[in-house]
Amino acid sequence: MAKEYPLENLNIPQHVAIILDGNGRWAKKRMLPRNMGHVQGAKTVEQICEDAHDLGVKYLTVYAFSTENWSRPPKEVAAIMKLLRNYLKDCIKRANNHDMRVRVIGERGRLDEDIWQKIEELEKSTCENTGLNFTIGINYGSRDEMLRAMRKMGEDIKLGACEVEDIDEKLYESYLDTAGIPDPDLLIRTSGEQRLSNYLLWQLAYTEFYFTDVLWPDFNKDELYQAILQYNKRQRRFGGLMEEPKV
Ligand code: FPP
């Protein structure tokens, strides 16, 4: 019998962002090549999209490949790119079957042409889907995203499309890769590491963090539910006070 995940009285985070970490250690523990950890990690990504949707999450954003990951051995980079290529190819059918909208954040210029073409095809073919909003970071780095946003805004100012005085949070956000996506409510990082690694630095300003020792390939619906239970114990104040101050 399928395990029950009671949702009554729970505040389900609208947007969950995940730093999926620990693929390499998962493989090492099993004396497998690192790439097998990534293969299993990709399967976990597919499953967690369904689980997140089942639990009522509306937006899920995962960090698949960072601007810093290019410094890994070329063989590993090539294996990850192959995996992403296959994933993107199969994803169109699966996303449409699950009514899932897929977007990719990150700088596309450094990716092979066939990869960014697949990304464009996938985004276009799923843009009207109304189920889970799934976003994948590929060659994504938050500082790079912010610099690209600033350059583009500078270009628009030069062209007269906007003025320096118009710059506010809303305008700036419209230049980020995540434009149109609400900020994450909950950030999960697996494998025991507790850092942000250049992930969504602007967008995580008021996000609750949840760290778990579980290695990404072992992450599952139970773990996601645990993270949501923890999230429900937090008091989000957004810089304000919980109660009216007694003056
Ligand atoms: C994290 O584990 C994994 C990565 C940075 C590599 C890429 C992720 C995948 C292949 C998952 C697939 C994603 C999609 C969207 C299909 P690590 O290698 O840093 O692990 P370690 O810290 O244990 O070495």
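Here we summarise the structure given alongside this text. (Residues numbered from 1 in each chain as written. Predicted model: local features only at pLDDT ≥ 70, side-chain atom pairs only at ≥ 80, totals over all residues. Heavy atoms only, no water.)

With respect to the site of the ligand
Moving on, step 1. Within the structure, the ligand sits among 18 residues, and Gly24, Arg25, Arg34, Ala64 and Arg72 are positioned closest to it.
Moving on, step 2. Contacts to the ligand include Asp21, whose side-chain N or O atom sits 3.1 Å from an oxygen atom.
Moving on, step 3. With respect to the detected pockets, the ligand is housed in the largest pocket.
Moving on, step 4. Looking at the shell around the ligand, the elements with two or more residues in it are α1 (23-29), α2 (34-54) and α3 (74-97).
Moving on, step 5. The class makeup of the residues in the shell around the ligand is 9 nonpolar, 5 polar and 4 charged. (Near = heavy atom within 4 Å. Polar contact = N/O pair within 3.5 Å; in protein donor to acceptor, adjacent residues only side chain to side chain. 1 Å grid on protein atoms, 1.4 Å probe; cavity = no way out; pocket = protein on both sides within 12 Å on 5 of 7 lines; lining within 4 Å. Sits in = over half its atoms within 2 Å of the grid points. Helix = DSSP H or I, 4+ residues; strand = E, 2+ residues; numbered from the N terminus. Nonpolar A, V, L, I, M, F, W, Y, C, P; charged D, E, K, R; others polar.)

Here's the deal with unusual backbone geometry
Moving on, step 1. Residues other than glycine seldom take positive phi values, yet Ser191 does so here, at roughly 75°.
Moving on, step 2. Topologically, Ser191 is positioned in the loop between β5 (186-189) and β6 (208-211).
Moving on, step 3. Accessibility expressed as a relative area gives 8% for Ser191, which makes it buried.
Moving on, step 4. Although it is not a glycine, Leu200 adopts a positive phi angle of roughly 45°.
Moving on, step 5. Among the structural elements, Leu200 can be located in the loop between β5 and β6. (Buried < 20%, exposed > 50% of the residue type's maximum accessible area, 1.4 Å probe, protein only.)

Things to note about the pairing of strand β2 (residues 59-66)
Moving on, step 1. Among the 8 residues of β2, 7 are classified as buried, and the element is accordingly described as predominantly covered.
Moving on, step 2. Sheet topology places strand β1 (residues 15-19) next to β2; 4 bridges connect them, and they run parallel. Across the sheet, the residue bridging to His15 is Tyr59, located in β2. (Pairing = 2+ DSSP bridges.)

Notes on the sheet that holds β2
Moving on, step 1. The strand order across the open sheet built from 6 strands is β3-β4-β2-β1-β5-β6, with neighbouring strands paired in parallel fashion. Every interior strand has two partners, whereas the edge strands, β3 (101-105) and β6, have only one. Strand-to-strand twist across the sheet, computed as the mean angle between neighbouring axes with direction ignored, equals 20°.
Moving on, step 2. Its contacts with the sheet place helix α4 (residues 113-126) against β3 and β4 (133-140), and it is angled at close to 145° to β3. (Axes fitted to C-alpha atoms, helices over the stretch in contact; angles between N-to-C directions. Contact = heavy atoms within 4.5 Å.)

So, the nonpolar core
Moving on, step 1. With 45 residues, the main nonpolar core has Leu60, Phe134 and Ile188 as its most contacted residues.
Moving on, step 2. Sorting elements by how many residues they give to this core places α3 first, with 9 residues.
Moving on, step 3. With sequence-adjacent residues up to four places away left out, Phe134 is seen in contact with Val45, Cys49, Leu60, Val62, Tyr87, Met100, Arg101, Val102 and Arg103.
Moving on, step 4. Formed by 9 residues, the second largest nonpolar core is a distinct cluster that contains Ile19, Ile105, Tyr140 and Tyr199. (Core = buried A, V, L, I, M, F, W, Y, C linked by side-chain atoms within 4.5 Å.)

As for α4
Moving on, step 1. With 14 residues, α4 should reach 20 Å at 1.5 Å per residue; the first-to-last C-alpha distance of 20 Å fits that figure.
Moving on, step 2. On its buried side, α4 packs onto α3, β3 and β4. (Expected span 1.5 Å × (residues − 1).)

Observations concerning the pattern of salt bridges
Moving on, step 1. Going through the model one piece at a time under the given rule, you end up with 17 salt bridges.
Moving on, step 2. With a closest N to O distance of 3.6 Å, Glu46 and Arg94 form a salt bridge. Taken together, the residues Glu46 in helix α2 and Arg94 in helix α3 connect sequence positions 48 residues apart.
Moving on, step 3. Between Asp54 and Lys221 there is a salt bridge whose closest N-O contact spans 3.1 Å. Linking Asp54 in helix α2 with Lys221 in helix α7 (residues 221-233), this pair joins segments that are 167 residues apart in sequence.
Moving on, step 4. On the basis of relative accessibility, which here comes to 18%, the residue Lys221 falls in the buried class.
Moving on, step 5. Each of Asp21, Arg25, Arg189, Glu193 and Arg195 takes part in a single network of salt bridges with overlapping partners. (Salt bridge = Lys/Arg side-chain N within 4 Å of Asp/Glu carboxyl O.)

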